[in-house]
Amino acid sequence: METVIVRYKLKPGRVEENERLIKAVYRELRQVSPEGFNYATFKMEDGLSFTHFVVNETDGGAPLQSLPAFKKFQEGIKDRCDELPLVSHVTEIGSYGFFAGKNQIPSGL
């Protein structure tokens, strides 16, 4: 199992574009519905910082890498960011209901 947290901060004026690209990733995830894969994205209170949580319970690589929408999201990330993505591989100590509604993607995405 692999758990990753990615944090970054956008340049002002790039938030809507970033959110549009993220929502496209979630639409594609809904279509392919990969087993054993959990993904969540949060916008921080400053309105510019984002945190992505990835929990991949499969033996293969994370399915994100094969999604065209994710590839498009990654293409311009350096141009969109004031602070580049910081990728941290983490070990879960404990959680309670964190992904209880896993794979529940809001229909508005």
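See the structure shown above.
Definitions and limits used
Residues numbered from 1 in each chain as written. Predicted model: local features only at pLDDT ≥ 70, side-chain atom pairs only at ≥ 80, totals over all residues. Heavy atoms only, no water. Helix = DSSP H or I, 4+ residues; strand = E, 2+ residues; numbered from the N terminus. Buried < 20%, exposed > 50% of the residue type's maximum accessible area, 1.4 Å probe, protein only. Contact = heavy atoms within 4.5 Å. Core = buried A, V, L, I, M, F, W, Y, C linked by side-chain atoms within 4.5 Å. Polar contact = N/O pair within 3.5 Å; in protein donor to acceptor, adjacent residues only side chain to side chain. Phe/Tyr/Trp six-rings, centres within 6.5 Å; stacked < 30°, edge-to-face > 60°.

Is there a simple way to explain the overall build of the protein in this structure?
Each helix and strand counted, the protein has 3 helices and 4 strands in total. Overall, the protein shows an N-to-C arrangement of helices and strands of β-α-β-β-α-α-β. Looking at the protein as a whole, 35% of its 109 residues qualify as buried. Counted over contacts in the protein with a minimum sequence separation of 6, partners at least 24 positions apart contribute 71%.

Sorry if this is basic, but what is going on with the nonpolar core here?
The tendency in soluble globular proteins is for nonpolar side chains to be buried side by side. Counting 23 residues, the largest nonpolar core has Tyr8, Val25, Leu29, Tyr39, Leu64 and Phe73 as its most contacted members. Secondary-structure elements contributing two or more residues to this core are strand S1 (2–10), helix H1 (15–32), strand S2 (37–43), strand S3 (49–56) and helix H2 (68–75).

Can you walk me through the side chain of histidine 52 in this structure?
Structurally, histidine 52 can be placed in strand S3. In this structure the side chain of histidine 52 is engaged in a polar contact, spanning 2.7 Å, whose partner is the side chain of tyrosine 8. With sequence-adjacent residues up to four places away left out, histidine 52 is seen in contact with Val4, Ile5, Val6, Tyr8, Ile22, Tyr39, Ala40, Thr41 and Phe73.

Where do I start with the packing of aromatic side chains in this structure?
The description of an aromatic ring pair rests on the distance of the ring centres and on the angle between the ring planes. Using the criterion set out here, one finds 6 aromatic pairs in the structure. A centroid spacing of 5.7 Å and a plane angle of 5 degrees characterise the contact between tyrosine 8 and phenylalanine 50, whose relative ring orientation is stacked. Of this pair, tyrosine 8 sits in strand S1 while phenylalanine 50 sits in strand S3, and the two are 42 residues apart along the sequence. A ring pair is formed by tyrosine 8 and phenylalanine 73, whose centres lie 6.5 Å apart and whose planes are at 55 degrees; its orientation type is tilted. In this pair, tyrosine 8 is assigned in strand S1 and phenylalanine 73 in helix H2, connecting sequence segments 65 residues apart. This pair shows no difference in class: tyrosine 8 is buried, exactly as phenylalanine 73 is.

Geometric values such as these leave the question of function open.
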